[in-house]
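# Per-entry structural report
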Amino acid sequence: MQIPDLPLPRFLTHTCMFSSDLGGGSGAAPLVSRPRAQVGSAASAAGMRPPACRGCCLAPPALLALLTGFLAFGLASEDTKKEVRQSQDLEKSGISRKNDIDLKEIVFVIQSQSNSFHAKRAEQLKKSILQQAADLTQELPSVVLLHQLAKQEGAWTILPLLPHFSVTYSRNSSWIFFCEEETRIQVPKLLETLRRYDSSKEWFLGKALHDEESTIIHHYAFSENPTVFKYPDFAAGWALSIPLVNKLTKRLKSESLKSDFTIDLKHEIALYIWDKGGGPPLTPVPEFCTNGVDSYCATTFHSFLPLCGKPVKKKDIFVAVKTCKKFHGDRIPIVKQTWESQASLIEYYSDYTETSIPTVDLGIPNTDRGHCGKTFAILERFLNRSQDKTAWLVIVDDDTLISISRLQHLLSCYDSSEPVFLGERYGYGLGTGGYSYVTGGGGMVFSREAIRRLLASKCRCYSNDAPDDMVLGMCFSGLGIPVTHSPLFHQARPVDYPKDYLSHQVPISFHKHWNIDPVKVYFTWLAPSEEDKARQETQKGFREEL
């Protein structure tokens, strides 16, 4: 099956993924798909300034039979076709001597982060991989921590590092296997699985995800049939054969990566590798798992919420809700009906004082696009409260749905004395420098120390209506403070993500009320439950597993 091309050229369908574009915050604009020409990158003193936007007749028997055959083929399900192709591929590649690779021919790349909690988890996984290799009495493989490979901002996007992998490993290696910090690997089974594929050919392997409906986070790609395009679930691990790494490296050298937005890395990597049919699509591998139930799995991924000691107390988390007068009557009641009671310290920041909520007027006029002026005013108000030494600040939009109790658990793994800037990580212009940022709709979490360093610097909004999340990313990048990514924060609605992807998450937030019942979404996905309590009892075992 040939995968259809995008409905429109990418430069006509690029959508700015700011909080305002996704309907969040103060006076957010409705969803619009903006031409790339409006997403220019103007230079600023700090580097790259964010863009300002956000009957049929009876036939003879022989002919009828022929037509019936064609019709049956045309109506065959995509799943059946995929299974047939997969079976044929395996028969062709088979297990032969040339596929009988050694463990040392696999390079493990852990998609790690520099934050102390994440770096420790990655080191534990590395130790587990090397111990399993030693138990097999094989020569040890290379295990690489992504955050240690390169200091450039965009290393987490993988593609800029492929030339390094090609130069360093192409002579003596067969596979680059990528995984997340919490991926669990059965090394013997992984080795057995990779031996099924001829490593002299171009392979892109993983657990396949697909969109159930076209979604803004993928720029509405494949809108006529969103299920047709497959991309890997990073949690299950994914692999590139060295010939494919070399091919991609050659392409990267001949054409630079575009200065563009990085929104959903796993989808964008799959698009780049597929190259509109010029490269291989993702080959689904049943042994790459996330549920951990099946005995044949080479990888698994535990669905649990990190807990390092006791949850952070509610009084140590201050919640700031950005709103404006026109949303006081419809969005704020949703907050009060759902998650407000979980927050011990909460204020609503608006352009209009309304005592019944109540709201705080910061003296910043409402803007229709970004809300940089308002956000920096919130940061200054938080830091300047001399009598209040609250450790954490969370800034959300008025259409953000969030679980404060789960956030308490997550923050127990971070040190508020360190500069922590936490949330769902996006990127801008990372192919040509650029910076990472926490997308605002899912919630932005700051340690007090991060805010102190930010406000001590000269980095500020270039206008009140600049995109606040992107300006913050640019500022923190200039200060050498990295974004700490958590996939448990979500810039969009549950329907915008694959069910298989959400099935192994304990989500902390979602964003937007558009075409959904936000109260139902909250109580389905985020409300405290007995299941959450059960998870707490099993987390200790998960933490000690490695």
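Below: a short report on this structure. All residue numbers refer to position in the chain's written sequence, counted from 1. Reporting in this predicted model follows two pLDDT cut-offs: at least 70 for local features of residues, and 80 or more for side-chain atom pairs to be given and counted; totals over whole chains, interfaces and linings ignore these cut-offs and use all residues. The basis for every side-chain value is the complete set of heavy atoms in the structure, and neither hydrogens nor water enter the calculation.

Runs of H or I in DSSP of at least four residues are treated as helices and runs of E of at least two as strands, each being numbered from the N terminus. Looking at where Ile106 falls in the secondary structure, it is placed in strand β3 (residues 106-110). Judged by its relative accessible area of 0%, Ile106 is buried. In the structure, Ile106 is positioned 84 residues away from Leu190 in sequence and 9.8 Å away in space, judged by C-alpha atoms. In this structure, Ile106 is in contact with Ile101, Pro141, Ser142, Trp175, Phe177, Leu191 and Leu194, ignoring residues within four places of it in sequence. Relative accessible area decides the class of each residue, using a 1.4 Å probe on protein chains only: under 20% of the type maximum gives buried, over 50% gives exposed, and in between gives partly exposed. Contacts: residue pairs with any heavy atoms within 4.5 Å of one another.

Right, let's get into the state of the cysteines. The definition used for a disulfide is geometric: two cysteine sulfur atoms within 2.5 Å. Going through the model one piece at a time under the given rule, you end up with four disulfides. A sulfur-sulfur distance of 2.0 Å marks the disulfide that ties Cys289 to Cys297. Because the sign of the S-S torsion sets the handedness, a value of about -90 degrees for the bond joining Cys289 and Cys297 places this disulfide among the left-handed ones. Of the two residues, Cys289 and Cys297, neither departs from the other in class, the shared state being buried. The side chain of Cys308 participates in a disulfide bridge whose partner is Cys413; the two sulfur atoms lie 2.1 Å from each other. Its S-S torsion of approximately 90 degrees makes the covalent link between Cys308 and Cys413 right-handed.

Attention shifts here to the sheet that holds strand β20 (residues 425-428). Ordered by their spatial adjacency, three strands build an open sheet running β11-β20-β21, and the pairing between neighbours is antiparallel. On the outer flanks of this sheet lie β11 (261-262) and β21 (435-438), each paired with one strand and no other. Pairing of β20 with β21, which is carried by four bridges, proceeds in the antiparallel orientation. The partner of Gly427 across the bridge, within β21, is Ser436. Any two strands with at least two DSSP bridges between them are considered paired.

The next point concerns the packing of aromatic side chains. Classification of ring pairs rests on two measures: the distance between centres of Phe, Tyr or Trp rings, Trp counted by its six-membered ring, which must be within 6.5 Å, and the angle between planes, read as stacked under 30 degrees, edge-to-face over 60 and tilted in between. Applying the stated criterion across every chain, the model contains 23 aromatic pairs. Ring geometry for Phe204 against Trp238: centres 6.3 Å apart, planes inclined by 80 degrees, an arrangement best described as edge-to-face. Residue Phe204 is found in strand β7 (residues 204-206), and its partner Trp238 is found in strand β10 (residues 238-241); the two are separated by 34 residues along the sequence. On the basis of an interplanar angle of 65 degrees and a centroid distance of 5.7 Å, the ring pair of Phe510 and Trp525 is categorised as edge-to-face. Placement of the pair is Phe510 in strand β24 (residues 509-511) and Trp525 in helix α16 (residues 518-525), with a sequence separation of 15 residues. Among the aromatic residues, ring-to-ring pairing joins Phe165, Tyr169, Phe178, Phe204, Phe234 and Trp238 into one connected group. One cation-aromatic arrangement involves Arg331 over Phe327; the distance from NZ or CZ to the ring centre is 3.6 Å. Charge-over-ring placement is defined geometrically: NZ (Lys) or CZ (Arg) within 6 Å of the ring centre, and within 35 degrees of the ring normal. Sitting over the ring of Trp156, Arg425 keeps its end group 4.0 Å from the ring centre.

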